[in-house]
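Each chain, letter by letter, is given below.
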Amino acid sequence: MTTVPPPPAAASSEPRTDFFRQLKPLCVPLSQLILRSKDKVADAKEILRLIEALTALWTAQASRDAGILDGKLADYVFFPLSHLLRTQDQYPIRVIEATIRLIRSLIQYGWKANLGGELSQQLLVFFSFTVGGLPGQSSTRRELPEETVVEGYRAIAVLVSTTGPGSLVQALSDDNDKSIPALGHSLTVVLDGIAAGVPPLIQLEALQCLRVFFTVVFPATVYARFLPGTVSTLSRLLSPPAQQKTQRRVLVGCLEVLELVLVTVLGDVKIRSILNKLQESTSSEGTQPGRTEEDAEVGGELTPAWLKAASAQVKIALSSVLKLRSHESEQLQATMDHLCITLLDQCHSSLADSHPILVETAMMLEDEETRKSLLQTSLQDLAGIYPELGNSIKSTLYGWITGLPRLMQSNDELVKQLAIRSILRGTKLAAALHMDSSTLDDSLGDALRDSIVGLIRNSKPSKLLDDVETDGELWAGTSGGVVVDSRTETVPYRPVLLDLEGQKTTRTEISTLISNIGSSVQQVKLGAKMLSSLRDSEGVDQIASFWLAFELLKATYAQTADLDELFDLSSFDEAKSQERVFQELYDFSASVIASHSDASEENDWRLEAIALEVTAFAASRLKVEFRPELIDVLYPITTCLGSQVPQLRRHAVTTLNRLAQSCGYGSVSELIIDNVDYMVNSISLRLNTFDISPASTKVLAMMVKLTGPRLIPYLDDVVAAIFAALDNYHGYPVFVESLFSVLSEMVNQGVRSDMLLLQDTAVKSVDHKKRKQTSLGIAGILDILEQRANRQKSQDEDDDIKGGCHPKEAWKSSSGEEAKSLLDRLEAPGSDDDDHDEDEDGKNSAAVDNTRTESDQPKTPTYSLLARVLTLTQHYLTSPTPTLRKSLLVLVATVSPALAADDNAFLPLVHTLWPVVVSRLHDGEPFVAVAACKALAALCGAAGDFLATRFKTEWYTSSGIGGTQQQGLGKWFAKVKADAAVRGTNSRLKAPAVLSRGGSGGEILVPPRYPATVEAVSDGGVGGGQQSPLTQTLMSLALNNTMPSTTTVGTTSKPVASSSLSLSSGGNAAAASASALGRFSQASQLWDAAVELLTAMVRYVRIDDDMFDEVLELLVDVCVLPGQRGDDVREALEAINADAVWLALYKRGRVEMKAEQSEPVDGLGFGFVRLEVLAGS
């Protein structure tokens, strides 16, 4: 019977004895199972349990007190495992995995460095074969789980690191022929675990194992043998495309291990003897033959030839590995930077051929904090130690600069950004090392200009913003977009170059590079160089030079801003040179801006935008002292507001904001008002010399809109020049329209003025609205009678004083009739109306006298200007351009309420405008007729009863276009209403359904008047009797459109379905097509405008009864509509005659009345009828 040998009794401490007693119950059964088991698979479960129990017990003791664990206890536990390893192929893989884990714990805490050389080699071979399989038998190798492979690599790492310079290294030193192949196979297995396609957990464990291999002090010849395979494996994993599929933590581990391998094998300290020999061999003419054997004895395989070959191969590997410098991971970049700095420092001589790529990578990846740190070695420190690195830095920077234009043509923005960032870091490093080179400076300026040119040419044009959107931002609120407060922050410019969103980072990197190029003196020199080629170049080259010069000079002022606040350095040559260059730049910018309004010269909008930025920057530096310069640049800047390019217009707005802020103005409006004299002179000069361009009119309109009413009094000369231009170019409709757009803007702003009326007078409100008459009551009637009696008494007294109380001659028949009619009229009870008219006439005459007195006072320039503009419109209302006619009518509607306060000045203008405005109602363009209705409505509100006779005259016979006689306004309104009903299917014009009526008993219902039948058409008008011409027109149109059917109930004829102005179901195709538009059709819109005009006429103008009846006939269907519009119409009508409105509504079924017959009154013989309103509209 085989038993497990007990450990020696030398170590008889009590804790160790207790631990042995715990091991024995597990080791003995395990040994018996392994030695006596016939069915390995059946006993594998129990064996696995015992091994895991042993592992847990051993690990727990190691964590609790590892001092009692030694090699003898490890031998005791390893005894049953040694028998298991002999038949390992018969056990499941989980048993082998548990065995490897237990052996790793035995090596780490038991044997430690005392493991024998032979056993260590056997275990190394076992672990290697378990993980990698037998060499040449990959087809018969069992598939291992990931956990088993990980345990195998951990065991190899513990075995190699624990033995250290002991058994394993000693065995290698004693017998290289047997040990090195075993170690080589193990290292090959480890390298296979690092290769691409392996799970990341296995790769990390294999890297840790490889790190251990090169940490243990093996002989140099051993490392030399393993160097090619190790570097090759790592470089393949770190090079594309494998690096793209590898996790970042694996790449970082590979770089760290590569750095360790190269430093361990090729470190200058490790191979200094070989380096000395190499230096001697290169310094002498040839190698001495007698020294070869001595060299072989000293260095073995590590000869100078080997070093040259290894250095060349490493350079190839590094050239592919260092491509990782463009990786986005900061951790990976920091690790690679550390690799380059370490190799340049510790492998400086051995890897001299790799200096260029190492220096280039270190310059690209160097961190600002690392360069300034005193605890870490930086490239700047190494360049101070090794002068040859300075030349590498200079040559690398020169290569980057010369290659920048080519890289800027790439479609990859990351490549551009990396190139710009590298040049920035290189220039900073060169400045820190005090590398002054005129070649670098010249090449940098040329490269920047060529790069900007390439970017401009290759960049796609950005999507132009919509003009509507830009103008909306331009005039948003007049206090948000354009007019700014001087205390607000400066509005930034939108980028002129590289304005796409994808180029934002590239643009930022270029700006950063320009701002950090060398010292301020160098930047000034580069800026002067750009300016020297600015005037000779054109196109994109000129834009690039201009932009670069401006950015460079901005950077110089930013660098010297802090010193300028503390010291006055203006007397130094550097400051003078800076100011001279900037003045030249500003002069060129002013010339570019001034040429914008010159139609003969067209500049690229980007050039003009940069010039605007230069002007704003100059104003920000000079502050209030820049105000004299506004004489030359303010008007040209405002001309940019009329540009066709939205970006330039936005730049002009931002420039005006900055100029106002820099020069101490509270807003852009104040800026223009304070400098309005020479701005107006500039515009007037162009208008007087007929040097008129679209920009001039647009600038003037925008300037008026920008400044508001305050600018209007200064525009007398401009308005005179506009009138002169209109006289000379009245045959050019487009040009006339542009000039009137300016006048319209003046009107829009002028009517907002608070000093529009006469000077030194209070504002007088104009209100011609008709008020609804209220009942005077008994007291009011008595007052009227008393006033009549007093007036008659006063008149009699006056006649007695004159002494002409009796006639001197006999009455004639005609005179007698005249006297009789006069006496009858005076004595008639209805003479109150005449008295009332006399009172109104007296009041009107008094008002006229009052107005005449006020009109004698001088008027404000704004009022005079608006009056002149209004007078001018009459000559162009017959223009062939419909849009101009419409805009002029809108102008009339806008300016009329503002001028209405002065009757003596305004009413003659109305008299002059009336014929041309009213004729526009018959315009062929519906939108012009709509504008004419609105203009006439505005005139009604402004002139009031002054238009009474004119409307009465036009109502029956109207003057058409060109002086032709047209149908009266009454028939025109009726036709518009009918057209709207037929073509627009305007539901608002349809007559409502008749309320049901029925009576019984004593109730008397008044029958409705409704044109339900042909016979009904012959009924009277609104008040009964004969029809008016308007009613006849409406009825004829209604009968032409539809013939409603009727039904008779008893003796009352009632309409079943009728609408005098509705579209019949059998209408033609054109009417059906127009009806699809509904209220958006031209006919409906024209009728809406006509309703507005009729409402204004009734509300503000005195009309006679006949006209009122016809207007009521037109509007009665509108006043019953729900909403504000119907209420307004009804209110205006009821203010004149509420009873007539009620009667018209009643006849259309909108009011229901109940009549009750009362008892006859004594002495009269009849009774009264009591009416009660049951339902209304």
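Residues numbered from 1 in each chain as written. Predicted model: local features only at pLDDT ≥ 70, side-chain atom pairs only at ≥ 80, totals over all residues. Heavy atoms only, no water.

A. Local environment of the overall build of the protein chain. Regarding its fold elements, the protein chain presents 49 helices and seven strands. Counting every position in the protein chain, which comprises 1177 residues, the buried fraction comes to 47%. If you take every contact in the protein chain between residues at least 6 apart in sequence, the share linking residues at least 24 apart comes to 74%. Surface accessibility of the protein chain: about 57800 Å² in total, with carbon and sulfur atoms responsible for 52%. (Helix = DSSP H or I, 4+ residues; strand = E, 2+ residues; numbered from the N terminus. Buried < 20%, exposed > 50% of the residue type's maximum accessible area, 1.4 Å probe, protein only. Contact = heavy atoms within 4.5 Å. Areas by Shrake-Rupley, 256 points an atom, 1.4 Å probe, with all protein chains shown as cover.)

B. Molecular detail of the packing of helix 6 (residues 146-163) against helix 9 (residues 200-215). Two elements in contact, helix 6 and helix 9, have axes whose closest approach is 9 Å; the angle formed by their N-to-C orientations is 10°. Taken together, helix 6 and helix 9 sit at an angle that is classed as roughly parallel. Contact with helix 6, carried on its side by E146, V149, V150, Y153, R154, I156, A157, V160 and S161, involves L201, I202, E205, A206, C209, V212 and F213 of helix 9 and no other residues of that element. A per-class count over the contact of helix 6 with helix 9 returns 12 nonpolar, one polar and three charged. (Axes fitted to C-alpha atoms, helices over the stretch in contact; angles between N-to-C directions. Parallel < 35°, antiparallel > 145°, perpendicular 65-115°, else oblique. Nonpolar A, V, L, I, M, F, W, Y, C, P; charged D, E, K, R; others polar.)

C. Structural detail: the packing of aromatic side chains. Tallying each qualifying case throughout the model produces 16 aromatic pairs. Judged by centre distance (5.1 Å) and plane angle (20°), the rings of F214 and Y223 are stacked. The two residues F214 and Y223 agree in class, both being buried. Taken together, the ring pairs connect F550, Y557, F582 and F617 into an aromatic cluster. (Phe/Tyr/Trp six-rings, centres within 6.5 Å; stacked < 30°, edge-to-face > 60°.)

D. Focus on the environment of V131. Here V131 is to be found in helix 5 (residues 117-132). Residue classification places V131 among the buried positions, given a relative accessible area of 3%. Note: C-alpha distance between V131 and T148 (17 residues apart in sequence) is 7.7 Å.

E. Structural context of the confidence of the model for the protein chain. The predicted model of the protein chain averages 75 in pLDDT, with 72% of residues at 70 or higher. With pLDDT under 50 throughout, residues 285-300 is counted as low confidence; its partners more than four residues away or in other chains account for six contacts. Of the regions scoring below 50 in pLDDT, residues 464-487 engages in 43 contacts with residues more than four places distant in sequence or in other chains. (pLDDT = per-residue confidence, 0-100.)

F. Looking closely at the pattern of salt bridges. Scanning the model with the defined rule gives 27 salt bridges in all. The shortest N-O distance in the salt bridge between E256 and R211 comes to 3.4 Å. One end of the pair, E256, is in helix 11 (residues 248-266); the other, R211, is in helix 9, with 45 residues separating them in the sequence. Note on R211: relative accessible area 23%, which makes it partly exposed. E579 is the partner of R621 in a salt bridge, and the nearest nitrogen-oxygen pair spans 2.7 Å. Separated by 42 residues along the polypeptide, R621 in helix 28 (residues 605-622) and E579 in helix 27 (residues 573-594) bring together distant segments of the chain. Assessed through its relative accessible area of 30%, R621 is described here as partly exposed. Classification of E579 as partly exposed rests on a relative accessible area of 34%. One network of salt bridges, in which partners are shared, links E97, R101, R104, E151, R154 and E205. (Salt bridge = Lys/Arg side-chain N within 4 Å of Asp/Glu carboxyl O.)

G. Layout of helix 10 (residues 220-238). The first and last C-alpha atoms of helix 10 sit 25 Å apart over 19 residues, in line with the 27 Å expected at 1.5 Å per residue. For helix 10, the set of buried residues is V222, Y223, A224, F226, L227, T230, V231, T233, L234, S235, L237 and L238. (Expected span 1.5 Å × (residues − 1).)

H. Structural view of the packing of helix 43 (residues 948-956) against helix 48 (residues 1105-1115). At a minimum axis separation of 11 Å, helix 43 and helix 48 run at an interaxial angle of 65°. Between helix 43 and helix 48, the angle falls in the class roughly perpendicular. Seen from above, helix 43 lies across helix 48 with left-handed handedness. Listed contacts from helix 48 to F951, K952, W955 and Y956 of helix 43 are D1106, M1107, E1110, V1111 and L1114. Broken down by class, the residue content of the contact of helix 43 with helix 48 amounts to six nonpolar, no polar and three charged. (Left-handed = near helix turned anticlockwise from the far one by under 90°.)

I. Quick look at the nonpolar core. In this structure, L266, L715, M746 and F906 are the most contacted members of the largest nonpolar core, which totals 320 residues. Among the elements that take part in this core, helix 42 (residues 926-943) stands out by supplying 13 residues, more than any other. Aside from chain neighbours lying at most four places away, what touches L266 is L227, V261, I271, W306, L307, A310, V314, C347, S350 and L351. (Core = buried A, V, L, I, M, F, W, Y, C linked by side-chain atoms within 4.5 Å.)

J. Geometry of unusual backbone geometry. Its identity as a non-glycine residue notwithstanding, H434 has a phi of 60°, on the positive side. Considering the arrangement of structural elements, one finds H434 in the loop between helix 20 (413-432) and helix 21 (438-458). Classification of H434 by relative accessible area gives exposed; the value is 67%. We note that K623 has phi near 60°; this positive angle belongs to a residue other than glycine.

K. A nonpolar patch on the surface, seen in detail. Residues I778, I781, L782 and L785 make up a contiguous nonpolar surface patch of roughly 410 Å² in combined accessible area. Within the element layout of this structure, I778 appears in helix 36 (residues 777-802). (Patch = residues over 30% accessible without salt bridge, like charges linked within 9 Å, V, L, I, M, F, W, Y side chains within 5 Å.)

L. Highlighting the environment of H922. Structurally, H922 is set in the loop between helix 41 (903-919) and helix 42. Judged by relative accessible area, H922 falls into the buried class, the value being 16%. Once the C-alpha coordinates of H922 and W972 are considered, the two residues, 50 residues apart in sequence, prove to be 8.5 Å apart.

M. Fine view of helix 3 (residues 71-86). In this model helix 3 runs 21 Å from its N-terminal to its C-terminal C-alpha over 16 residues, within 8% of the 22 Å that 1.5 Å per residue would give. At F78, helix 3 shows its strongest bend, of approximately 40°, with the proline P80 following within four residues. Of the positions making up helix 3, those classed as buried are L73, A74, Y76, V77, F78, P80, L81, S82, H83, L84 and L85. Elements that come into contact with the buried residues of helix 3 comprise helix 1 (14-36), helix 2 (40-64), helix 4 (93-111) and helix 5. (Bend = angle between axes of the 7 residues up to and from the residue.)

N. Local environment of the side chain of T655. Position of T655 relative to the elements: it lies in helix 30 (residues 646-662). Assessed through its relative accessible area of 0%, T655 is described here as buried. Of note is the side chain of T655, whose polar atom sits 2.8 Å from the side chain of Y493. Sequence-distant contacts of T655, that is, excluding residues within four places in its chain, are made with Y493, L612, A616 and I637. (Polar contact = N/O pair within 3.5 Å; in protein donor to acceptor, adjacent residues only side chain to side chain.)

O. Up close: the environment of P356. When you line up the elements, P356 lands in helix 16 (residues 355-365). Given a relative accessible area of 44%, P356 falls into the partly exposed group. P356 sits 40 residues away from T396 along the chain, and the two C-alpha atoms are 7.4 Å apart.

P. Here's a closer look at the side chain of T638. With respect to the helices and strands, T638 occurs in helix 29 (residues 630-639). Not counting residues within four places of it along the chain, the set of residues in contact with T638 comprises L656, M679 and V699.

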